[in-house]
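Structural features, examined
Listed below, chain by chain, are the residues.
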Amino acid sequence: MRFSPIFVVILSISLSVDALPSLSNAKRAQVLDDDAVLNFALTLEHLENAFYTEGLAKYNEDAFAAAGFSPFVRGRFTQIAAHEKTHVKFLSDALGDKATQPCVYSFPYNDVKSFVALGQALEGVGVTAYSGAARFITNKDYLTAAASVLATEARHASWISSAVSKFSGWSGNFDVPLTPNEVFTMAAAFITSCPDSNPTLPIKAFPTLSIAEAKTLPGSAVTLKFDAPAATATSDSKLYAVFFTGLDKIFLPLQPGNKVEVPKELLGTVYIVVGTSATTADDQDIVAGPTMLRFEFDSRGKVIA
(Lines give C-alpha, C1' and ligand atoms only; values in the text may rest on other atoms or scores of the structure.)
Protein backbone atom coordinates (compact mmCIF):
# COMPACT_ATOMS: atom_id res chain seq x y z
CA MET A 1 0.00 0.00 0.00
CA ARG A 2 0.94 3.65 -0.19
CA PHE A 3 1.85 3.91 3.44
CA SER A 4 0.05 6.67 5.32
CA PRO A 5 2.28 9.03 7.30
CA ILE A 6 -0.48 9.14 9.91
CA PHE A 7 0.13 5.50 10.68
CA VAL A 8 3.84 6.21 11.09
CA VAL A 9 3.17 9.14 13.40
CA ILE A 10 0.80 7.24 15.67
CA LEU A 11 2.87 4.06 15.90
CA SER A 12 6.16 5.88 16.39
CA ILE A 13 4.93 7.35 19.66
CA SER A 14 6.21 5.42 22.65
CA LEU A 15 4.47 5.82 25.97
CA SER A 16 4.00 3.86 29.13
CA VAL A 17 0.99 4.05 31.36
CA ASP A 18 3.18 5.05 34.30
CA ALA A 19 4.42 8.07 32.37
CA LEU A 20 1.00 9.40 31.45
CA PRO A 21 -0.55 12.46 33.08
CA SER A 22 -2.91 11.17 35.73
CA LEU A 23 -6.52 12.04 35.13
CA SER A 24 -7.79 9.39 37.48
CA ASN A 25 -7.24 5.95 38.90
CA ALA A 26 -10.58 5.28 37.29
CA LYS A 27 -12.55 2.08 37.32
CA ARG A 28 -12.70 0.40 33.95
CA ALA A 29 -16.47 0.87 33.73
CA GLN A 30 -16.87 4.56 33.06
CA VAL A 31 -19.53 6.72 34.65
CA LEU A 32 -19.37 10.23 33.21
CA ASP A 33 -21.65 13.12 34.05
CA ASP A 34 -22.11 16.06 31.70
CA ASP A 35 -19.35 18.13 33.30
CA ALA A 36 -16.90 15.22 32.94
CA VAL A 37 -17.83 14.75 29.28
CA LEU A 38 -17.38 18.47 28.58
CA ASN A 39 -14.02 18.50 30.36
CA PHE A 40 -12.96 15.43 28.41
CA ALA A 41 -13.88 17.27 25.19
CA LEU A 42 -12.07 20.37 26.45
CA THR A 43 -8.95 18.29 27.13
CA LEU A 44 -8.91 17.30 23.46
CA GLU A 45 -9.71 20.80 22.21
CA HIS A 46 -6.84 22.25 24.29
CA LEU A 47 -4.56 19.69 22.65
CA GLU A 48 -5.70 20.54 19.13
CA ASN A 49 -5.54 24.27 19.85
CA ALA A 50 -1.94 23.93 21.07
CA PHE A 51 -1.01 21.78 18.08
CA TYR A 52 -2.20 24.28 15.48
CA THR A 53 -0.93 27.32 17.36
CA GLU A 54 2.55 25.81 17.64
CA GLY A 55 2.73 24.43 14.11
CA LEU A 56 1.48 27.52 12.33
CA ALA A 57 3.87 29.70 14.32
CA LYS A 58 6.70 27.44 13.17
CA TYR A 59 5.77 27.08 9.49
CA ASN A 60 4.88 30.14 7.41
CA GLU A 61 3.52 30.37 3.86
CA ASP A 62 6.97 29.86 2.37
CA ALA A 63 7.49 26.68 4.37
CA PHE A 64 4.19 25.23 3.14
CA ALA A 65 5.08 26.17 -0.44
CA ALA A 66 8.54 24.60 -0.13
CA ALA A 67 6.85 21.38 1.06
CA GLY A 68 4.82 21.30 -2.14
CA PHE A 69 1.47 22.55 -0.85
CA SER A 70 -0.75 24.99 -2.75
CA PRO A 71 -0.98 28.55 -1.35
CA PHE A 72 -4.51 28.03 0.00
CA VAL A 73 -3.53 25.15 2.31
CA ARG A 74 -1.94 27.15 5.12
CA GLY A 75 -4.82 29.62 5.02
CA ARG A 76 -7.30 26.83 5.59
CA PHE A 77 -5.20 25.47 8.44
CA THR A 78 -5.32 28.95 9.96
CA GLN A 79 -9.11 28.78 9.80
CA ILE A 80 -9.09 25.35 11.45
CA ALA A 81 -6.87 26.75 14.20
CA ALA A 82 -9.41 29.52 14.79
CA HIS A 83 -12.18 26.92 15.04
CA GLU A 84 -10.26 24.98 17.69
CA LYS A 85 -9.61 28.16 19.67
CA THR A 86 -13.33 28.92 19.55
CA HIS A 87 -14.17 25.39 20.71
CA VAL A 88 -11.85 25.88 23.70
CA LYS A 89 -13.58 29.15 24.63
CA PHE A 90 -17.05 27.68 24.12
CA LEU A 91 -16.41 24.69 26.40
CA SER A 92 -14.50 26.76 28.96
CA ASP A 93 -17.35 29.26 29.18
CA ALA A 94 -19.87 26.44 29.61
CA LEU A 95 -17.86 24.89 32.46
CA GLY A 96 -16.88 28.12 34.20
CA ASP A 97 -14.55 27.59 37.16
CA LYS A 98 -14.80 23.79 36.66
CA ALA A 99 -13.03 23.98 33.29
CA THR A 100 -9.80 22.04 32.84
CA GLN A 101 -6.77 24.12 31.87
CA PRO A 102 -4.31 23.40 29.04
CA CYS A 103 -1.48 20.95 29.64
CA VAL A 104 2.09 20.86 28.36
CA TYR A 105 2.33 19.02 25.04
CA SER A 106 4.93 17.40 22.83
CA PHE A 107 4.01 16.77 19.18
CA PRO A 108 6.18 14.43 17.06
CA TYR A 109 6.44 16.33 13.78
CA ASN A 110 9.58 17.78 12.26
CA ASP A 111 8.44 19.34 8.99
CA VAL A 112 5.33 20.63 7.24
CA LYS A 113 4.37 17.25 5.81
CA SER A 114 4.50 15.49 9.15
CA PHE A 115 2.58 18.42 10.71
CA VAL A 116 -0.17 17.94 8.12
CA ALA A 117 -0.20 14.17 8.67
CA LEU A 118 -0.48 14.55 12.42
CA GLY A 119 -3.24 17.13 11.98
CA GLN A 120 -5.22 14.58 9.98
CA ALA A 121 -4.72 11.98 12.70
CA LEU A 122 -5.77 14.35 15.50
CA GLU A 123 -8.88 15.46 13.65
CA GLY A 124 -9.81 11.84 13.04
CA VAL A 125 -9.37 11.00 16.71
CA GLY A 126 -11.51 14.04 17.56
CA VAL A 127 -14.34 12.65 15.43
CA THR A 128 -14.18 9.28 17.18
CA ALA A 129 -14.09 11.02 20.56
CA TYR A 130 -17.25 13.05 20.09
CA SER A 131 -19.03 10.09 18.47
CA GLY A 132 -18.17 7.79 21.36
CA ALA A 133 -18.85 10.28 24.18
CA ALA A 134 -22.29 11.32 22.91
CA ARG A 135 -23.96 8.44 24.75
CA PHE A 136 -22.94 9.91 28.12
CA ILE A 137 -24.48 13.37 27.60
CA THR A 138 -27.87 13.88 29.25
CA ASN A 139 -28.34 17.64 28.74
CA LYS A 140 -29.94 18.04 25.30
CA ASP A 141 -28.40 21.49 24.76
CA TYR A 142 -24.94 20.07 25.42
CA LEU A 143 -25.70 17.16 23.10
CA THR A 144 -26.70 19.51 20.29
CA ALA A 145 -23.56 21.60 20.82
CA ALA A 146 -21.39 18.46 20.81
CA ALA A 147 -23.02 17.35 17.55
CA SER A 148 -22.22 20.73 16.02
CA VAL A 149 -18.56 20.47 17.07
CA LEU A 150 -18.44 16.86 15.83
CA ALA A 151 -19.63 17.95 12.40
CA THR A 152 -16.95 20.64 12.24
CA GLU A 153 -14.20 18.23 13.31
CA ALA A 154 -15.37 15.76 10.65
CA ARG A 155 -15.17 18.51 8.00
CA HIS A 156 -11.62 19.28 9.13
CA ALA A 157 -10.58 15.63 8.89
CA SER A 158 -12.23 15.19 5.51
CA TRP A 159 -10.65 18.33 4.06
CA ILE A 160 -7.12 17.40 5.17
CA SER A 161 -7.51 13.85 3.87
CA SER A 162 -8.97 14.76 0.48
CA ALA A 163 -8.00 18.31 -0.54
CA VAL A 164 -4.54 18.25 1.04
CA SER A 165 -3.39 14.62 1.14
CA LYS A 166 -5.32 13.60 -2.02
CA PHE A 167 -6.91 10.57 -0.39
CA SER A 168 -10.56 9.76 0.25
CA GLY A 169 -12.41 12.14 2.55
CA TRP A 170 -14.13 9.27 4.36
CA SER A 171 -13.52 5.70 5.50
CA GLY A 172 -16.87 4.20 4.56
CA ASN A 173 -20.49 4.23 5.63
CA PHE A 174 -19.71 4.96 9.28
CA ASP A 175 -16.93 6.38 11.44
CA VAL A 176 -15.61 4.49 14.45
CA PRO A 177 -16.94 5.65 17.84
CA LEU A 178 -14.37 5.10 20.60
CA THR A 179 -14.82 5.28 24.36
CA PRO A 180 -13.18 8.12 26.32
CA ASN A 181 -10.61 5.66 27.73
CA GLU A 182 -9.71 4.49 24.22
CA VAL A 183 -9.40 8.06 22.93
CA PHE A 184 -7.33 9.17 25.91
CA THR A 185 -4.95 6.26 25.34
CA MET A 186 -3.98 7.88 22.03
CA ALA A 187 -4.25 11.53 23.08
CA ALA A 188 -2.14 11.06 26.20
CA ALA A 189 0.88 10.27 24.04
CA PHE A 190 1.12 14.00 23.30
CA ILE A 191 0.67 15.21 26.90
CA THR A 192 3.74 15.59 29.09
CA SER A 193 2.20 17.22 32.17
CA CYS A 194 -0.99 18.92 33.36
CA PRO A 195 -1.76 21.49 36.09
CA ASP A 196 -2.39 19.94 39.50
CA SER A 197 -5.45 22.16 39.78
CA ASN A 198 -7.22 20.45 36.87
CA PRO A 199 -10.32 18.47 37.85
CA THR A 200 -9.79 14.73 38.12
CA LEU A 201 -11.74 12.88 35.45
CA PRO A 202 -12.79 9.20 35.48
CA ILE A 203 -10.65 8.49 32.44
CA LYS A 204 -7.54 6.35 32.06
CA ALA A 205 -5.15 5.17 29.38
CA PHE A 206 -4.66 1.54 28.45
CA PRO A 207 -1.20 0.06 27.84
CA THR A 208 0.40 0.90 24.51
CA LEU A 209 -0.19 -1.17 21.40
CA SER A 210 2.01 -0.89 18.32
CA ILE A 211 2.77 -2.86 15.17
CA ALA A 212 6.26 -4.16 14.53
CA GLU A 213 6.11 -3.97 10.73
CA ALA A 214 6.83 -0.61 9.10
CA LYS A 215 4.23 -1.21 6.40
CA THR A 216 1.23 -3.44 6.07
CA LEU A 217 -1.66 -4.29 3.78
CA PRO A 218 -5.09 -5.81 4.31
CA GLY A 219 -4.49 -9.54 4.14
CA SER A 220 -0.93 -9.34 5.43
CA ALA A 221 0.36 -10.73 8.72
CA VAL A 222 1.44 -8.27 11.41
CA THR A 223 3.11 -8.60 14.79
CA LEU A 224 1.49 -6.74 17.66
CA LYS A 225 3.71 -5.30 20.39
CA PHE A 226 2.27 -4.60 23.84
CA ASP A 227 2.89 -5.17 27.52
CA ALA A 228 0.35 -7.68 28.75
CA PRO A 229 -0.69 -7.53 32.41
CA ALA A 230 1.02 -10.21 34.48
CA ALA A 231 -2.18 -12.15 35.05
CA THR A 232 -2.83 -12.30 31.31
CA ALA A 233 0.75 -13.05 30.32
CA THR A 234 0.98 -16.08 32.62
CA SER A 235 -2.48 -17.53 31.96
CA ASP A 236 -3.67 -19.87 29.24
CA SER A 237 -6.43 -17.45 28.23
CA LYS A 238 -6.56 -16.51 24.58
CA LEU A 239 -5.97 -12.96 23.45
CA TYR A 240 -7.69 -11.43 20.47
CA ALA A 241 -6.90 -8.67 18.03
CA VAL A 242 -10.02 -6.60 17.58
CA PHE A 243 -10.30 -4.43 14.46
CA PHE A 244 -12.72 -1.50 14.80
CA THR A 245 -14.06 -0.56 11.36
CA GLY A 246 -17.08 1.73 11.17
CA LEU A 247 -19.66 0.33 13.62
CA ASP A 248 -18.31 -3.20 13.25
CA LYS A 249 -15.68 -5.14 15.15
CA ILE A 250 -13.70 -8.08 13.79
CA PHE A 251 -12.26 -10.50 16.36
CA LEU A 252 -9.28 -12.67 15.48
CA PRO A 253 -7.27 -14.83 17.89
CA LEU A 254 -3.62 -13.89 18.28
CA GLN A 255 -1.25 -16.53 16.95
CA PRO A 256 2.11 -17.43 18.53
CA GLY A 257 4.38 -14.43 18.67
CA ASN A 258 1.31 -12.15 18.87
CA LYS A 259 0.81 -12.34 15.13
CA VAL A 260 -2.48 -11.79 13.32
CA GLU A 261 -3.60 -11.43 9.71
CA VAL A 262 -5.19 -8.10 8.88
CA PRO A 263 -8.67 -8.73 7.42
CA LYS A 264 -8.63 -8.40 3.63
CA GLU A 265 -11.78 -6.27 3.46
CA LEU A 266 -10.52 -3.34 5.55
CA LEU A 267 -10.40 0.17 4.07
CA GLY A 268 -9.89 3.65 5.50
CA THR A 269 -9.29 4.38 9.17
CA VAL A 270 -9.16 1.31 11.39
CA TYR A 271 -8.38 1.03 15.11
CA ILE A 272 -6.97 -2.09 16.76
CA VAL A 273 -7.05 -3.22 20.38
CA VAL A 274 -5.92 -6.42 22.05
CA GLY A 275 -8.59 -7.94 24.27
CA THR A 276 -9.53 -10.99 26.25
CA SER A 277 -12.90 -11.68 24.64
CA ALA A 278 -13.86 -13.19 21.29
CA THR A 279 -17.20 -11.37 21.24
CA THR A 280 -16.94 -8.05 23.12
CA ALA A 281 -14.41 -5.21 23.18
CA ASP A 282 -15.65 -3.10 26.06
CA ASP A 283 -13.19 -1.23 28.26
CA GLN A 284 -13.07 -4.09 30.75
CA ASP A 285 -11.97 -6.47 27.97
CA ILE A 286 -9.09 -4.38 26.64
CA VAL A 287 -5.50 -5.40 27.35
CA ALA A 288 -3.76 -2.82 25.15
CA GLY A 289 -4.50 -0.17 22.56
CA PRO A 290 -6.02 1.20 20.53
CA THR A 291 -3.65 2.12 17.76
CA MET A 292 -4.58 3.52 14.34
CA LEU A 293 -4.06 2.29 10.80
CA ARG A 294 -5.15 3.95 7.59
CA PHE A 295 -5.63 1.96 4.42
CA GLU A 296 -6.00 4.66 1.79
CA PHE A 297 -8.12 3.76 -1.22
CA ASP A 298 -8.85 5.18 -4.65
CA SER A 299 -12.15 6.21 -6.27
CA ARG A 300 -12.80 2.59 -7.28
CA GLY A 301 -12.48 1.39 -3.69
CA LYS A 302 -9.09 -0.23 -4.22
CA VAL A 303 -6.33 0.06 -1.62
CA ILE A 304 -3.57 2.38 -2.80
CA ALA A 305 -0.38 0.30 -2.97
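Refer to the structure above for everything that follows.
Note that the structure is predicted; figures quoted are calculated from it, not measured.

Scoring rules and cut-offs
- Residues numbered from 1 in each chain as written.
- Predicted model: local features only at pLDDT ≥ 70, side-chain atom pairs only at ≥ 80, totals over all residues.
- Heavy atoms only, no water.
- Helix = DSSP H or I, 4+ residues; strand = E, 2+ residues; numbered from the N terminus.
- Buried < 20%, exposed > 50% of the residue type's maximum accessible area, 1.4 Å probe, protein only.
- Salt bridge = Lys/Arg side-chain N within 4 Å of Asp/Glu carboxyl O.
- Pairing = 2+ DSSP bridges.
- Axes fitted to C-alpha atoms, helices over the stretch in contact; angles between N-to-C directions.
- Parallel < 35°, antiparallel > 145°, perpendicular 65-115°, else oblique.
- Left-handed = near helix turned anticlockwise from the far one by under 90°.
- Contact = heavy atoms within 4.5 Å.
- Nonpolar A, V, L, I, M, F, W, Y, C, P; charged D, E, K, R; others polar.
- Core = buried A, V, L, I, M, F, W, Y, C linked by side-chain atoms within 4.5 Å.

Digging into unusual backbone geometry
The omega torsion of the bond from Gly-289 to Pro-290 falls at 15°, within 30 degrees of zero and hence cis. Here Pro-290 lies in strand β9 (residues 286-295). For Lys-166, which is not glycine, the phi torsion reads 65° and is therefore positive. In this structure Lys-166 comes out as exposed when scored by relative accessible area, which is 59%. You will see that Asn-258, though not glycine, has its phi angle at about 60°, which is positive.

Regarding the pattern of salt bridges
Going through the model one piece at a time under the given rule, you end up with 5 salt bridges. Notably, a salt bridge pairs Lys-98 with Asp-35, separated by 2.6 Å at the nearest N-O pair. Placement of the pair is Lys-98 in the loop between α4 (71-95) and β1 (104-105) and Asp-35 in helix α2 (residues 34-58), with a sequence separation of 63 residues.

Let's talk about the pairing of strand β5 (residues 240-245)
Side-chain positions along a regular strand alternate between the two faces of the sheet. Buried residues dominate β5, accounting for 6 of its 6 residues. Of the two faces of β5, both are covered, the one formed by Tyr-240, Val-242 and Phe-244 as well as the one formed by Ala-241, Phe-243 and Thr-245. In this structure, β5 lies alongside strand β6 (residues 248-253), joined through 6 bridges in antiparallel fashion. For Ala-241, the partnering residue across the bridge sits in β6 and is Leu-252.

Side note on the packing of helix α5 (residues 112-133) against helix α6 (residues 140-164)
Contact geometry for α5 and α6: axes closest at 9 Å, N-to-C directions at 150°. With respect to their mutual orientation, α5 and α6 come out roughly antiparallel. Here the hand of the crossing between α5 and α6 comes out left-handed. In this structure, α5 uses Val-116, Gly-119, Gln-120, Glu-123, Gly-124, Val-127, Tyr-130 and Ser-131 to contact α6, whose residues at the interface are Ala-146, Val-149, Leu-150, Glu-153, Ala-154, His-156, Ala-157, Ile-160, Ser-161 and Val-164. Of the residues in the contact of α5 with α6, the class split is 10 nonpolar, 6 polar and 2 charged.

Notes on the nonpolar core
Formed by 64 residues in total, the largest nonpolar core has its most connected members in Phe-64, Phe-77, Phe-115 and Val-116. Every element with two or more residues in this core is listed here: α2, α4, α5, α6, α7 (180-187), β5, β8 (268-275) and β9. With 11 residues, the top contributor of residues to this core is α2. Apart from residues no more than four positions distant in its own chain, Phe-77 is found in contact with Tyr-52, Leu-56, Phe-64, Phe-115, Val-116, Trp-159 and Ile-160. Ranked by size, the runner-up nonpolar core spans 20 residues in total, among them Leu-209, Phe-226, Ile-250 and Val-270.

Observations regarding the sheet that holds strand β3 (residues 209-211)
On the basis of which strands lie adjacent, the open sheet formed by 3 strands has the order β3-β4-β7 and antiparallel pairing. With partners counted over all chains shown, the strands left at the sheet margins are β3 and β7 (259-261), one partner each. Averaged over all adjacent pairs, the angle separating strand axes in this sheet is 35°, with direction ignored. In terms of strand pairing, strand β4 (residues 221-226) meets β7 through 3 bridges, oriented antiparallel. Directly across from Thr-223, in β7, lies its bridge partner Lys-259.

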